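Residues per chain, in single letters:
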Amino acid sequence: MLLAATLLCAAERSGPYLEAGAGLGSYNDDSRRAEVTTDSVTQYRFGAGAFINDYLSVSLDYAQFGDFDGRTGTGETSRETFKALSAAVTGHYPVFNERIDLYARFGAGELYWDQSRPERKSSSAGTVVYGIGIGVRALEWLTVNAGYDLYQFGMDENGTSYDMNLGSAYVGIQVLF
C-alpha cells in the first residue's frame, strides 16, 4: 500500500476520468454468413477509468456498433448488431514533453450480439480486447485519443464454432478530474 500511495503522489497525472468517442467498426464473421455487405459501421464508445500514474490506467468501457448487413448461404438478408462491455488495463508511454502518449491496452469483457434477420436471435460471448493508440493532451485535464481496438470472440451456431472479431478505429475525448 505504501508503494501504491508513493506512485500516486509522484504522478503528474492521476485520478479518475471519463471518455466519449466515435469511429468506424468492422466485422469479421469467420465465413459464418455467405457475405457481409456492410464493410464498416458507426461505432460509439463511452468509458470511465482512473490513471494510477503517468504510465498506467484502468477503465470500464462500453462500445456499441451499428448494423452489419449481409446475406446467409440461402440468400436471405441478415442484420446483426453488437455491444461490448469490458474492463481494461492501459499502459501509457508519454513522449514529447509529456503532451503525447503512445498507449496499448488489454482487457476482457462480455460481447452482446443481436440478429434481427432472417430470424431474431440474441446471444452473448466473452471477449478479449487489444488496442493501440495515441493521445494528445490539449490541456492538463483534456486529452484527445485516436486508436484502434480489436474485440476477439467465439460463437457456436448449429454445431459449428466461429472465431470472430470486431475492429474499432475511433477518436475520443478524455476528461481527467
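Residues numbered from 1 in each chain as written. Predicted model: local features only at pLDDT ≥ 70, side-chain atom pairs only at ≥ 80, totals over all residues. Heavy atoms only, no water.

Student: Quick one: what's the story with the environment of Arg 13, residue by residue and with numbers?
Tutor: Looking at the secondary structure, you find Arg 13 in the loop between helix H1 (2–10) and strand S1 (15–28). With relative accessibility at 3%, the residue Arg 13 sits in the buried group. Put simply, Arg 13 and Ala 50 are 37 residues apart on the chain and 9.7 Å apart in space, counted from C-alpha to C-alpha. Not counting the four nearest positions on each side in its chain, Arg 13 is found in contact with Phe 51, Asn 53, Asp 54, His 92, Asp 101, Arg 137, Thr 143 and Leu 176. At 2.4 Å, the side chain of Arg 13 and the side chain of Asp 101 are in polar contact. (Helix = DSSP H or I, 4+ residues; strand = E, 2+ residues; numbered from the N terminus. Buried < 20%, exposed > 50% of the residue type's maximum accessible area, 1.4 Å probe, protein only. Contact = heavy atoms within 4.5 Å. Polar contact = N/O pair within 3.5 Å; in protein donor to acceptor, adjacent residues only side chain to side chain.)

Student: Got a sec to walk through the packing of aromatic side chains? Specific residues and values, please.
Tutor: Inspection of the entire model under this criterion finds 7 aromatic pairs. Seen from their ring centres, Phe 82 and Phe 153 are 5.8 Å apart, and the 55 degrees between their planes marks the pair as tilted. Of this pair, Phe 82 sits in strand S6 (residues 77–95) while Phe 153 is found in strand S9 (residues 142–157), placing the two residues 71 residues apart along the sequence. Exposure remark for Phe 82: the relative accessible area of 0% places this residue in the buried category. Residue classification places Phe 153 among the buried positions, given a relative accessible area of 5%. Three or more aromatic residues link up through ring pairs in this structure, and these residues are Tyr 27, Phe 68, Phe 82 and Phe 153. Here the basic side chain of Arg 45 rests over the ring of Tyr 170, its NZ or CZ set 3.7 Å away from the ring centre. (Phe/Tyr/Trp six-rings, centres within 6.5 Å; stacked < 30°, edge-to-face > 60°. Lys NZ or Arg CZ within 6 Å of the ring centre and 35° of its normal.)

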